[in-house]
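Below, each chain spelled out in residue letters.
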Amino acid sequence: MLKALTIPALLIAALAPRALTAQDLEPRAFSQAPIGLNIALMSLGYSKGNVLLDPSIPVEDLTARVWNVTGIYVRTLGLFGLSSKFAVIVPYAAGDWSALLEGQDTSTTRDGFGDPRVQLAINFIGAPAMTVREFAAFREGTIVGASLLVSVPLGQYYPDRLINLGTNRWAFRPRLGVSRAAGPWTIEVYGDVWFFTKNPEFFDGVTLEQDPLWALQGHVLYSFRPGLFLGVDVGYGNGGDTIVDGVPKNSPQKNTRLGAVLALPLARRHALKLVYVTGLSTRLGADFDTFQLSYQYRWGGGM
């Protein structure tokens, strides 16, 4: 009886770690850079908030507090004469989740690696592959690009636990983006869609499936000088209905997120980035406030 009552809630709860990244508000995703450049980033983030469930589910006050440390490596390339980037992303998380289940207090903690991700992005309009010398004379206008991110199911996962840091399934996120620079201002619009494979070892031996999750985000940035910019971001996501053993659970996610970003160059090769993201509205799913501090180091590319 307990499984039948709570399985819709567990679906969303188990996806809470995924919700921390499914709607990353990511400005400058298709920005131009010289080929042969290496970028290493280390990011520290803290997220806190609620996971909102259908009122008919006997789970109340489901909350989470999660610390994330993420390592990222980016290499700029010239593919078919076009500006491109290849990235590897490895997340580590530690946090706690708590809720009232039929009036009983429950809580759990987790720490370990999440699912790593790899991404390839190509700017196919407005951003040809350039050397450092050519890039110095480049003036950004309109850029159109596309990317594919793949989430690899290598993160910590236990089929007998309700909350996991890994998802035990592949996920794919194609993205199409357009940016337009005019003086110090840059406006960007991205469209994403997440596709998920099945998880045949979800809690208690059931098979979990999920419909595509659609997302749209926009960014307005103001550059004070190269590398120093302030931005405002907004994102909207809809979809991702879950299916358990072939039975739809009518649990689509719908939320709107608002963020701000400040990039601070420290020296020629070093920079910091501060990010804050909060929820404007959430129907079902994660409603978190997220703070993030990232350090970036660049080398190569003829710098």
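Please read all numbers here as calculations on a predicted model, not as lab measurements. (Residues numbered from 1 in each chain as written. Predicted model: local features only at pLDDT ≥ 70, side-chain atom pairs only at ≥ 80, totals over all residues. Heavy atoms only, no water.)

### Concerning the overall build of the protein chain
For the protein chain, the helix and strand inventory stands at three helices and 16 strands. The buried share of the protein chain, taken over its 303 residues, is 46%. Contacts in the protein chain between residues far apart in sequence, at least 24 positions, make up 66% of those at least 6 positions apart. As displayed, the protein chain has an accessible area near 14,300 Å², and 63% of this comes from carbon and sulfur atoms. (Helix = DSSP H or I, 4+ residues; strand = E, 2+ residues; numbered from the N terminus. Buried < 20%, exposed > 50% of the residue type's maximum accessible area, 1.4 Å probe, protein only. Contact = heavy atoms within 4.5 Å. Areas by Shrake-Rupley, 256 points an atom, 1.4 Å probe, with all protein chains shown as cover.)

### Regarding the nonpolar core
V51, L62, A64, V66, A93, W97, A99, I163, L165, A286 and F288 together form the largest nonpolar core, which totals 11 residues. Formed by seven residues, the second largest nonpolar core is a distinct cluster that contains L25, L221, F229 and A263. (Core = buried A, V, L, I, M, F, W, Y, C linked by side-chain atoms within 4.5 Å.)

### Details of the environment of V261
Examined against the element boundaries, V261 turns out to sit in strand β14 (residues 253–265). Residues V261 and Y276, 15 residues apart in the sequence, show an inter-C-alpha distance of 6.6 Å.

### So, the confidence of the model for the protein chain
Of the residues in the protein chain, 85% reach a pLDDT of 70 or more, and the chain-wide mean stands at 85. Between the elements of the protein chain, mean pLDDT differs from a low of 43, seen in helix α1 (residues 2–14), to a high of 97, seen in strand β6 (residues 142–151). Counting interchain partners and residues more than four positions distant, the pLDDT-below-50 stretch residues 1–22 has 59 contacts. (pLDDT = per-residue confidence, 0-100.)

### Here's the deal with the pattern of salt bridges
Across all of its chains, the model carries four salt bridges by this definition. Where E140 meets R28, a salt bridge forms, and the shortest distance between an N and an O atom there is 3.5 Å. Remark: R28 occurs in the loop between α2 (16–22) and β1 (37–52) and E140 occurs in the loop between α3 (132–136) and β6; sequence separation between them is 112 residues. Residue classification places R28 among the partly exposed residues on the basis of a relative accessible area of 24%. Taking the shortest distance from any N to any O, the salt bridge between R175 and D192 comes out at 2.7 Å. (Salt bridge = Lys/Arg side-chain N within 4 Å of Asp/Glu carboxyl O.)

### Some details on the pairing of β6
Across the 10 residues that make up β6, a large majority, seven, are buried. As defined by bridge partners, β6 adjoins strand β7 (residues 171–182) across 10 bridges and the pair is classed as antiparallel. Looking across to β7, one finds that V144 is bridged to V178. (Pairing = 2+ DSSP bridges.)

### Some details on the pairing of strand β10 (residues 213–225)
The side chains of a regular strand alternate between both faces of the sheet. Two strands pair when backbone bridges link them, and strand β8 (residues 185–196) and β10 are joined in this way by 10 bridges, in the antiparallel orientation. Within β10, the position partnered with D192 by the bridge is A215. Sheet analysis places β10 next to strand β11 (residues 228–239), joined by 12 bridges and oriented antiparallel. Looking at the pairing, S223 lines up with F229 of β11. In textbook terms, the turn of a hairpin is the stretch between consecutive antiparallel strands, and for β10 and β11 this stretch comprises two residues, one of which, G227, has a positive phi near 90°.

### Comments concerning unusual backbone geometry
For R28, which is not a glycine, the phi torsion comes out positive at approximately 65°. For N168, which is not glycine, the phi torsion reads 55° and is therefore positive. Mapped onto the secondary structure, N168 falls in the loop between β6 and β7. Take N168: its relative accessible area is 21%, and that puts it in the partly exposed class.

### Looking at the side chain of T256
With respect to the helices, strands and loops of the structure, T256 is situated in strand β14. Excluding anything up to four places from it in sequence, T256 contacts V234, G235, Y236, T278, G279, L280 and S281.

### Here we look at the environment of S251
Turning to its location among the elements, S251 is positioned in the loop between β13 (247–248) and β14. For S251, a relative accessible area of 5% gives the class buried. Separated by 10 residues in sequence, S251 and D241 have C-alpha atoms that sit 5.0 Å apart.

### A short note on the packing of aromatic side chains
Applying the stated criterion to the full structure yields 11 aromatic pairs. Taking 5.5 Å as the distance between ring centres and 80° as the angle between the ring planes, the aromatic pair formed by F30 and Y190 counts as edge-to-face. One end of the pair, F30, is in the loop between α2 and β1; the other, Y190, is in strand β8, and 160 residues separate them in sequence. For F30, a relative accessible area of 4% puts it in the buried group. On the basis of relative accessibility, which here comes to 1%, the residue Y190 falls in the buried class. (Phe/Tyr/Trp six-rings, centres within 6.5 Å; stacked < 30°, edge-to-face > 60°.)

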